[in-house]
Amino acid sequence: MDTLEPALPEAMKNQLNNQLHLLMDGIHRVLGTIEENQCCILNQFEQMNQQFRAIHTIAASYYLRTYLEPFTDHYATLATTVQHLSERRHGALIAIRRKDEIKPFVHSGIPINAILSFSLMESIFYPGNPLHDGGVVVDKNVILSAGNIYPTAQFYEGEEMLGTRHRAAIGLTERTDCLVLVVSEETGRVSFAIQGKLYPVQPNGLL
């Protein structure tokens with residue numbers, strides 16, 4: 001399984017550097033406020049939180065696009081699907097094949113063999129659909145199957161308690177180089193797994 005660590009382009013490095021310096025300035029201001037015993041620093045914390053989310057969105061969007069675009073022409077469709085599912089808190093598990101074969105590691109799926117589309121993805125993961133609890137397998141621009149069961153994580157060492165979808169996403173990416181998109185049914189939180197690791201994503205920053 002290849003180890004992918006795409007280098008950041010110079011323009012993005014500069015953008016992230018500027019955002020990080022703004023965040024550092026905010027931290028120094030808060031430190032000064034604490035030293036001067038001034039009250040209520042909650043607004044400053046919120047401003048820093050917004051800056052950090054902006055930084056995270058820029059980086060996560062870049063890496064996710066870099067990992068996926070060589071392997072599917074439907075990145076925008078996937079991003080739109082995940083955004084809508086997140087807004088509605090419809091859980092989802094979507095594996096996108098890259099170089100390694102996925103089929104030997106998933107089972108019990110129902111063949112779909114249809115061109116990847118937003119409407120089809122939404123219908124698969126609509127609550128009550130018999131397939132919505134399982135995972136989808138995408139190869140290039142085609143949904144191969146839905147309702148798949150993925151292997152569960154074997155090597156996850158994080159402190160966060162993970163649900164079934166997230167453990168399955170990590171498990172499949174421990175065994176193949178695929179990328180798995182996850183939407184939490186409980187919170188609407190979006191993550192992607194690759195190389196056995198899970199990364200949170202701001203859904204409004206995917207496109």
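Heads up: the structure comes first, above all this text.
Residues numbered from 1 in each chain as written. Predicted model: local features only at pLDDT ≥ 70, side-chain atom pairs only at ≥ 80, totals over all residues. Heavy atoms only, no water.

## Notes on the overall build of the protein
Link 1 in the chain: Within the protein, the regular secondary structure consists of 5 helices and 7 strands.
Link 2 in the chain: Counting from the amino terminus, helix and strand elements in the protein follow one another as α-α-α-β-β-α-β-β-α-β-β-β.
Link 3 in the chain: If one aligns the C-alpha atoms of the protein with their principal axes, the spans along those axes are about 65 × 35 × 35 Å.
Link 4 in the chain: Considering only residue pairs separated by 6 or more positions, the protein has 63% of its internal contacts joining residues 24 or more positions apart.
Link 5 in the chain: On the protein, roughly 11,200 Å² of surface is accessible, and the fraction owed to carbon and sulfur atoms is 54%. (Helix = DSSP H or I, 4+ residues; strand = E, 2+ residues; numbered from the N terminus. Contact = heavy atoms within 4.5 Å. Areas by Shrake-Rupley, 256 points an atom, 1.4 Å probe, with all protein chains shown as cover.)

## Regarding the pattern of salt bridges
Link 1 in the chain: The tally for this structure, following the rule as stated, stands at 9 salt bridges.
Link 2 in the chain: For Arg97, the salt bridge is made with Asp139, and the minimal N-O distance between the two is 3.6 Å. Taken together, the residues span a long stretch of sequence, with Arg97 in strand β1 (residues 92-97) and Asp139 in strand β3 (residues 135-139) at a distance of 42 residues.
Link 3 in the chain: On the basis of relative accessible area, Arg97 is assigned to the buried category, the value being 17%.
Link 4 in the chain: Judged by its relative accessible area of 19%, Asp139 falls in the buried class.
Link 5 in the chain: Connected through shared salt-bridge partners, Arg97, Glu101, Asp139 and Lys140 make up one network. (Salt bridge = Lys/Arg side-chain N within 4 Å of Asp/Glu carboxyl O. Buried < 20%, exposed > 50% of the residue type's maximum accessible area, 1.4 Å probe, protein only.)

## Re the sheet that holds strand β5 (residues 179-183)
Link 1 in the chain: Read from one edge to the other, the open sheet built from 7 strands follows the order β2-β4-β3-β1-β5-β6-β7, with strand pairing classed as mixed. Here the strands that pair on one side only, and so sit at the sheet edges, are β2 (110-115) and β7 (197-201). Across the sheet, the axes of successive neighbouring strands diverge by a mean angle of 20°, strand direction being ignored.
Link 2 in the chain: Judged from the 4 bridges that link them, β2 and strand β4 (residues 142-148) form a sheet pairing that is antiparallel. Opposite Ile110, over in β4, you have Ala146 as the bridge partner.
Link 3 in the chain: Where helix α3 (residues 75-88) meets the sheet, it contacts β1, β5 and β6 (190-194), and its direction lies at approximately 25° from that of β5.
Link 4 in the chain: This element, helix α5 (residues 164-175), spans β1, β5, β6 and β7 of the sheet and lies at about 175° to β5. (Pairing = 2+ DSSP bridges. Axes fitted to C-alpha atoms, helices over the stretch in contact; angles between N-to-C directions.)

## What about unusual backbone geometry?
Link 1 in the chain: With a phi angle near 70°, Ser108 is a residue other than glycine that sits in the positive phi range.
Link 2 in the chain: Checked against the element boundaries, Ser108 lands in the loop between β1 and β2.
Link 3 in the chain: If you check the backbone angles, Asn113 has positive phi at about 50° while not being a glycine.
Link 4 in the chain: The topology assignment puts Asn113 in strand β2.

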